Protein chains: 2
Amino acid sequence: MFKGALPGFRDFYPQELAERAHIMRIWREVARRYAFVEYDGPPLEPLDLYTKKSGDEIVGQLYNFVDKGGREVALRPEMTPTVARMVAARANALRKPVRWFSMPQLFRYERQQKGRLREHYQLNVDLFGTSDIAADAELVACAVDMMRAFGLESSDVVVRVSDRRILHAFLRSLGVAEEAIGGVYGVIDKLERTPAQVSGEKLAALGVPAQAIERIITIASVTFDEVQARIGASSAAEQVEEFARFLRYVPALLGGDARWLQLDLSIVRGLAYYTGIVFELFDRSGEFRAICGGGRYDNLLKSLGGADMPALGFGMGDVVLGELLRSRGLMKPESTAADVWLGAAESVPLEQVMAEAARRRGAGESVEYALRTQSMSKQRKAAQASGAREFVDLSNDGNDGRNG
Amino acid sequence: MFKGALPGFRDFYPQELAERAHIMRIWREVARRYAFVEYDGPPLEPLDLYTKKSGDEIVGQLYNFVDKGGREVALRPEMTPTVARMVAARANALRKPVRWFSMPQLFRYERQQKGRLREHYQLNVDLFGTSDIAADAELVACAVDMMRAFGLESSDVVVRVSDRRILHAFLRSLGVAEEAIGGVYGVIDKLERTPAQVSGEKLAALGVPAQAIERIITIASVTFDEVQARIGASSAAEQVEEFARFLRYVPALLGGDARWLQLDLSIVRGLAYYTGIVFELFDRSGEFRAICGGGRYDNLLKSLGGADMPALGFGMGDVVLGELLRSRGLMKPESTAADVWLGAAESVPLEQVMAEAARRRGAGESVEYALRTQSMSKQRKAAQASGAREFVDLSNDGNDGRNG
């Protein structure tokens, strides 16, 4: 007898496929409105594409192996190295800014936990070749517009946004030493999941001045006014001004809706490679993990040995988003049922039913019918079970009305 | 510097992605009209899913490895074992006939030749739980309707169709011994690529009577009249009658168009598991490999240890089809360019452009604009390079007309 799929891998029966297709349709539709164009790369890549960016530790989480040609290869755990490779290969030919999106299936060998998957689909939306802060705003607005297209509102979802450069200047202004910054980022990244006392001890151990510790532990509550007051006239003045523009641009791109955005300097996003604005989308109830995260990573392409090109992007997975939509009653995939079920009395030759099916299919309708001559009651039952929108009885002279 | 993709793997830049999307859109649209519903499975499966069906020889062509949990796994080289597994798991709950399609990416470690790929996308369309010959006709008509939807005509493509049971009876009627049938299938499968003399010698070695050898070597020319004359009154009479119905049903499903179908008893389709009608679609010029192939495989699910359920299906890959469409000037992907490029004089604040972008995007238009204030000539150049359908100058009072 068959075993099922591998642990952590999903079968997509028609119902699940329809839900996946619903998510992808909205992703694609909104990305298109923002003039992003779709690309894709191979699901299998040379292993060193990932170790180059993330170091050898990543290998512990990879589906990696040696192929029959002796190449070290891995199933892609993320899309950024692939897109960096592809952009670098055509850095000069591509029109700037490059506005690309993709919806790859990604693979990680996670330690197995209940419901923890080893594959997921992740929308990746990226811009390459622009340093303008308007690009950061476009990216955030695009993510928010996707939420709106799914039927979510600003009462459901919040965009928490920070800026690496502002956080840096803010921490420096609190008296954090330059060499402690990386360590403090690490503490801030874990604030939400760590008791305040433990975080305080860690900050003290990093040499953070006592009077700064409390402000760092509650850094999520820092307002933009406080940022301006503290570093608006410092050497980071330009970044603060740019951030202020960002805070105006996003609502402008959302038709004047300013309710989605929330400054939150505690958003660090573990990844070392972010250089500017970083953001994450969360459900306001705090029930789920982040829906989406991204930011600016201007140095990554160069550090990977590719083109020296500013870049920014976000990723949005199908799993957390799907859970959120289902919990809100917003998972509404298109019906997979046929438009029409054609029935006919046993006296009607099957070719006649087929000819009518051909006519309707030619006009774009989806049509099912019994593949053999059978009683009308059997046909009606089959039609009803199929969920087809309409039952047409060819024995009569035309349409028999709604099915069911 | 980056290396490229692995040998035999494709990067899909926007142009190539648009072509892939064009193919998939037509596949999906026509499958839907025939009331097939989409499913998918994991690209990584337990290795024994494939060895069980195809024996251990298949391993030489697989991307297989041991995962971090010690499981023998493989990238899927075909979809049939996955769909057989999925159908078997819900054999009782699924409405019959099951009408499913999928468009998986498949992987084979082929010995590398120029242009030979190691991955491709393959449409799989299958029916489970029906023995009716109308199902076979539906399947062939669906494949043909896809050709028509791509703009191909019956002067471009032919469906060569055979039936395992008829071929068997025909060969028996020529005096081929039962135990030689398998060997004769093998010779017939290779007829096109083998000199007639060599085939003749092989047939003789299999004990085929001398007077039958010539008819087998030219078996592709056997007409249905000859089939009827030779075995229409034999123990295979029922199969011949059923095949006659099939030959009427397919044109009925194509709106009366009988030009696509050609009886060709030389179509064997290597695979041992076919049990009834088998077919392949070819371009009539003979320039390309088969576009599509399939047939009935009533015993496969049972032999894999799954449900005992009649089944039939076809596969159609994106590579040969794509080559054919390009060679005929029929590869016509949708444009990826934006609908509108918004321009504005340097005096217009960026927020104003953004507000107009928001309005238009909200109405479903795809909109691009300069992410910084810049001269109108730069903006016009950028718009033109983007290929956007329309350039709208917000400095004026509205629409500036077509772009370019």
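Residues numbered from 1 in each chain as written. Chains lettered and ligands numbered in written order. Predicted model: local features only at pLDDT ≥ 70, side-chain atom pairs only at ≥ 80, totals over all residues. Heavy atoms only, no water.

Draft legend 1. Structural context of the pattern of salt bridges. Tallied over the entire structure, the rule returns 76 salt bridges over all chains. Linking A:R20 and B:D40 is a salt bridge whose minimum nitrogen-to-oxygen distance equals 2.9 Å. Separated into two different chains, A:R20 in helix α1 (residues 14-33) and B:D40 in the loop between β1 (37-38) and β2 (44-46) make up a pair that spans both. We classify B:D40 as buried; its relative accessible area is 6%. Across the pair A:R172 and A:E178 runs a salt bridge, and its minimum N-O distance is 3.3 Å. Assessed through its relative accessible area of 42%, A:E178 is described here as partly exposed. A network of salt bridges, in which partner residues are shared, links A:E29, A:R32, A:R33, B:D339 and B:R389. (Salt bridge = Lys/Arg side-chain N within 4 Å of Asp/Glu carboxyl O. Helix = DSSP H or I, 4+ residues; strand = E, 2+ residues; numbered from the N terminus. Buried < 20%, exposed > 50% of the residue type's maximum accessible area, 1.4 Å probe, protein only.)

Draft legend 2. Spatial organisation of the relation of the copies chain B and chain A. The transform that puts chain B on chain A rotates by 180° and translates by 0.0 Å along the axis, for an RMSD of 0.1 Å. Considering both components of the superposition, the chain copies are consistent with a two-fold axis. The rotation axis passes nearest to the C-alpha of B:F65 in chain B, at a distance of 3.2 Å. An overlap of 100% is found between the interface residues of chain B and their copies at the interface of chain A, pointing to a shared contact surface. (Least-squares fit on C-alpha atoms with pLDDT ≥ 70 in both. Contact = heavy atoms within 4.5 Å.)

Draft legend 3. View of empty space enclosed by the protein. Under the definition given, this model contains four cavities of 30 Å³ or more. The wall of the largest cavity is formed by 14 residues, among which B:A344, B:L350, B:V353, B:R372 and B:Q379 lie closest to the centre. Taken together, the residues of the lining of the largest cavity break down into eight nonpolar, four polar and two charged. When its volume is computed, the second largest cavity comes out at roughly 70 Å³. As for the second largest cavity, its lining consists of 13 residues, of which A:A344, A:L350, A:V353, A:R372 and A:Q379 are closest to the centre. (1 Å grid on protein atoms, 1.4 Å probe; cavity = no way out; pocket = protein on both sides within 12 Å on 5 of 7 lines; lining within 4 Å. Points joined across faces, edges and corners; volume = space filled by probe spheres on them. Nonpolar A, V, L, I, M, F, W, Y, C, P; charged D, E, K, R; others polar.)

Draft legend 4. Quick peek at the domain arrangement of chain A. Assigned domains within chain A: domain 1 (9-131 + 298-336), domain 2 (149-287) and domain 3 (340-403). Look at where the C-alpha atoms of domain 1 of chain A and domain 3 of chain A centre, and you get two points 43 Å apart. (Domains from an automatic or database assignment.)

Draft legend 5. Broad picture of unusual backbone geometry. Residue and element names in this part refer to chain A. Following K96, the chain continues into P97 via a peptide bond in cis, with omega recorded as -10°. The residue P97 is located in the loop between α3 (80-89) and β5 (98-102) in this model. For A35, which is not a glycine, the phi torsion comes out positive at approximately 65°. Along the chain, A35 falls in the loop between α1 and β1 (37-38). Note on A35: relative accessible area 10%, which makes it buried.

Draft legend 6. Structural view of the sheet that holds strand β3 (residues 64-66) of chain B. Residue and element names in this part refer to chain B. The antiparallel open sheet is built from three strands, whose spatial order is β2-β4-β3. Edge positions in the sheet fall to β2 and β3, since each has one partner strand and no second. Strand after strand, the sheet turns through a mean of 35° between neighbouring axes, direction not considered. Summarising the sheet, β3 and strand β4 (residues 72-75) pair through three bridges and their orientation is antiparallel. Residue pairing in the sheet places V66 in a bridge with E72 of β4. (Pairing = 2+ DSSP bridges. Axes fitted to C-alpha atoms, helices over the stretch in contact; angles between N-to-C directions.)

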